[in-house]
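# Structural features, examined
So you can see what is in the structure, the chains are spelled out below.
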Amino acid sequence: MPSVHICEVGPRDGLQNAKHLMPTAAKKAWIQALAAAGLREIEVGSFVPPKLIPAMADTAEVVAFARAIPGLKVIALAPNLKGFQRAIEAGAHKVTFPVSASRQHSESNVRMTPDQMVEEVRRCAQWPHPGVEIEGAVSTAFGCTMQGVVPEDDVVRIAAALAEFCDAVALADTVGYANPAQVRRVFRRVRERIGNKLEGAHFHDTRGLGIANALAAYEEGVRSFDSSMGGLGGCPFAPGASGNVITEDLVFMFESMGLSTGIDFPKLLAARDLLVKGLPLEPIYGHTPQAGLPKGFRASA
Ligand SMILES: [Zn+2]
């Protein structure tokens with residue numbers, strides 16, 4: 001069993017913000033290679049109106065494909081009941097609902113206040129969804145490009161409301177405003193309120209602190225992390241947001257600390273080749289892939 005669970009969100013968070021579209025066949029090949037590298041959870045797409053985000057128009061087909069990969073938990077994002085119904089119909093194992101703690105971000109993103117969005121997720125949780133997990137992700141939990149400061153009390157309150165009816169709750173630094181001291185403080189406060197319902201951490205590397213924030217969350221007991229291959233990512237409705245914490249570097253950090261991720265590094269690089277092939281014009285990042293593994297490096301497991 002891995003000590004740390006890494007969820008690859010590149011096919012959703014990465015591609016929805018990429019300047020170029022990845023063809024469906026290339027997405028499937030990439031997801032297959034990610035699973036072959038040992039990633040057991042992949043967020044493969046988002047059930048939003050295709051007119052809004054054309055890169056996610058093929059999500060139902062991609063979910064159906066990914067479901068056939070043995071041992072893979074297939075995650076999709078949904079912003080409302082309609083998206084949730086489409087996710088269930090397509091066969092997603094888990095659906096993540098983003099609930100922004102920033103009122104301004106929430107209103108521009110989903111045209112609802114944070115509290116109205118919590119009620120929308122409650123409506124979804126009441127909809128029959130046998131065998132489908134629900135996660136409430138508190139987005140802009142560490143700051144917002146529109147509103148600036150997001151009060152920690154708001155984050156705790158929204159996380160507590162979501163914990164009433166979600167299987168799990170995550171905290172997301174959607175726009176890369178977090179620092180490690182803040183991460184420790186906010187995760188600790190939310191943990192005190194909702195206990196083990198607090199599962200995941202989602203960081204962006206906008207100011208280069210993504211990996212430091214991931215370590216801070218680890219030290220607060222978090223064992224589930226979102227990241228994206230090559231640091232793809234951002235948020236189309238949050239100006240200034242840039243890529244997620246880089247999967248390759250996150251795997252390297254944990255493995256070099258002796259913490260098993262279950263991920264095979266050479267196979268991860270093979271998946272990275274497919275990402276580059278599928279999106280040849282998109283900038284792809286990653287310190288470890290560029291430098292290579294250190295001499296004498298041994299994976300933890
Ligand atoms: Zn994100």
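I will try to describe carefully the structure that is included in this document. Small disclaimer: the values here were computed from a predicted structure and weren't measured.

Conventions we followed
Sequence order sets the numbering: in each chain, residues are counted from 1 along the sequence as written. Local features in this predicted model are restricted to residues whose pLDDT is 70 or higher, and side-chain atom pairs enter the listing and the counts only when it is 80 or higher, whereas totals over whole chains, interfaces and linings include all residues. Excluded from the side-chain calculations are hydrogens and water; all other atoms, namely the structure's heavy atoms, are used. Using a grid of 1 Å spacing that covers the protein atoms alone, one calls a set of points a cavity when a 1.4 Å probe fits there but cannot get out, and a pocket when the set is open and has protein on both sides within 12 Å along at least five of seven lines; lining residues are those with an atom within 4 Å of a point. Grid points are joined across faces, edges and corners, and a volume is the space filled by probe spheres set on the points. Each helix corresponds to a stretch of at least 4 residues labelled H or I by DSSP, and each strand to a stretch of at least 2 residues labelled E; elements are numbered beginning at the N terminus. Here the term charged refers only to Asp, Glu, Lys and Arg, the term nonpolar to Ala, Val, Leu, Ile, Met, Phe, Trp, Tyr, Cys and Pro, and the term polar to all other amino acids, Gly among them. When DSSP locates at least two bridges between a pair of strands, those strands are taken to pair. Axis lines are fitted to C-alpha atoms, over the contacting stretch for helices. Their N-to-C directions set the angle, which ranges from 0 to 180 degrees. When checking whether two residues touch, look at their non-hydrogen atoms; a contact exists if any pair is within 4.5 Å.

Considering all chains together, one arrives at two cavities of 30 Å³ or more under this definition. What the largest cavity holds in volume is close to 40 Å³. Taken together, P98, V99, S100, S106, N109, V110 and S139 make up the lining of the largest cavity. Breaking the lining of the largest cavity down by element, the ones donating at least two residues are strand 4 (94–100) and helix 5 (103–110). In terms of residue class, the lining of the largest cavity is built from three nonpolar, four polar and no charged. The volume enclosed by the second largest cavity comes to roughly 30 Å³. As for the second largest cavity, its lining consists of D173, G176, A178, H204, D205, T206, R207, G208, L209, G210 and N213. A breakdown of the residues in the lining of the second largest cavity according to their chemical character gives two nonpolar, six polar and three charged.

Okay, the sheet that holds strand 4 next. Pairing is parallel in the closed barrel, where eight strands are placed in the order 1-2-3-4-5-6-7-8. Looking at each pair of strands side by side, their axes are set apart by 25 degrees on average, direction ignored. Note: strand 1 (residues 5–8) against strand 8 (residues 224–227), four bridges, orientation parallel. Within strand 8, the position partnered with I6 by the bridge is F225. Together, strand 1 and strand 2 (41–46) form the strand contacts of helix 2 (residues 24–36), whose direction differs from that of strand 2 by roughly 160 degrees. On the sheet, helix 3 (residues 59–67) packs against strand 2 and strand 3 (73–77) and is oriented at approximately 160 degrees with respect to strand 2.

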